[in-house]
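Coordinate analysis (summary)
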Amino acid sequence: MYSLKMFVRIALVVAASFARAGDPPAAAVASDAQARGRYLVTVTGCNDCHTPLKMTPTGPAPDMDRMLSGHPETLVMPPAPTMAEGPWQNAFAATNTAWSGPWGVSFTANLTPDRETGLGKWTVRNFSETIRTGRHLGRGREILPPMPWKSIAALTDSDIKDI
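Residues numbered from 1 in each chain as written. Predicted model: local features only at pLDDT ≥ 70, side-chain atom pairs only at ≥ 80, totals over all residues. Heavy atoms only, no water.

Bringing the environment of Trp149 into the picture now. Tracing the backbone through its elements, the reader meets Trp149 in helix α5 (residues 149-152). Linking Trp149 and Arg135, residues 14 residues apart in sequence, is a C-alpha distance of 9.4 Å. Residues contacting Trp149, with those up to four places away along its chain left out, are Ile131, Arg132, Thr133, Gly134 and Ile143. (Helix = DSSP H or I, 4+ residues; strand = E, 2+ residues; numbered from the N terminus. Contact = heavy atoms within 4.5 Å.)

Next comes the structure, spelled out in structure tokens:
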């Protein structure tokens, strides 16, 4: 029985045989952009907050069954704890998807391609404007801490497109 992965490899080989010398097949270019996007999501730490943690025998670990799905909608949080005056200012949920601080409470967004709850209806321009301005869709509400949008805004247009 052939796997999907094998069919994709065969399709890439066939496409390459029809391409002009020096021109990568369209599927390979898309694949390269996707690989670059996966790499950038990893090194910029998107999974660190947008993939809920689950408790394992060795401690908290990313729940990769819910990769990039943000704060679980079924996890209703109690009111944020009041922090005593002093150097401790923040609290966060065990899932690492809800944060409380002087700004209020923020919940990590669903970054999956789901059209109803994630980014599935967003365009590259919507995503780029959000990252560049620190505002939802480039014009809406502010993106709250701890989202490091100012650091991610330093990425190139090509990097943001690949993400």
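From this point, things continue past the structure.
It is worth spelling out a nonpolar patch on the surface at this point. On the surface, a nonpolar cluster with roughly 310 Å² of combined accessible area is contributed by Leu75, Met77, Val105 and Phe107. Its location among the elements puts Phe107 in strand β5 (residues 104-107). By relative accessible area, Phe107 is classed as partly exposed at 47%. (Patch = residues over 30% accessible without salt bridge, like charges linked within 9 Å, V, L, I, M, F, W, Y side chains within 5 Å. Areas by Shrake-Rupley, 256 points an atom, 1.4 Å probe, with all protein chains shown as cover. Salt bridge = Lys/Arg side-chain N within 4 Å of Asp/Glu carboxyl O. Buried < 20%, exposed > 50% of the residue type's maximum accessible area, 1.4 Å probe, protein only.)

A word on the side chain of His50. Checked against the element boundaries, His50 lands in helix α3 (residues 46-50). Among the polar contacts made by the side chain of His50, one reaches the main-chain carbonyl oxygen of Ala109 at a distance of 2.8 Å. In contact with His50, not counting residues within four places along its chain, are Arg66, Leu68, Ser69, Gly70, Thr108, Ala109, Leu111 and Met147. (Polar contact = N/O pair within 3.5 Å; in protein donor to acceptor, adjacent residues only side chain to side chain.)

With that settled, the discussion passes to the nonpolar core. Counting eight residues, the largest nonpolar core consists of Phe127, Ile131, Ile143, Trp149, Ile152, Ala153, Leu155 and Ile160. Residue assignment for this core shows that the elements contributing at least two residues are α4 (124-133) and α5. Apart from the residues within four sequence positions on either side, Phe127 is in contact with Leu119, Trp122, Ile160 and Ile163. (Core = buried A, V, L, I, M, F, W, Y, C linked by side-chain atoms within 4.5 Å.)

Okay, the packing of aromatic side chains next. If you walk through the whole model with that rule in mind, you get one aromatic pair. With a centroid separation of 4.9 Å and an interplanar angle of 25 degrees, the aromatic rings of Phe92 and Trp99 are classed as stacked. What makes Phe92 exposed here is its relative accessible area of 53%. Accessibility expressed as a relative area gives 16% for Trp99, which makes it buried. (Phe/Tyr/Trp six-rings, centres within 6.5 Å; stacked < 30°, edge-to-face > 60°.)

Here we take up the pattern of salt bridges. Taken as a whole and assessed by the stated rule, the structure comprises six salt bridges. Residues Arg132 and Asp157 are paired through a salt bridge, measuring 2.6 Å at the closest nitrogen-oxygen approach. Here Arg132 is found in helix α4, whereas its partner Asp157 is found in helix α6 (residues 157-162), with 25 residues between them in sequence. Overall, the relative accessible area of 29% leaves Arg132 in the partly exposed class. The closest approach of N and O atoms between Arg135 and Glu142, which form a salt bridge, is 4.0 Å. For Arg135, a relative accessible area of 32% corresponds to the partly exposed category.

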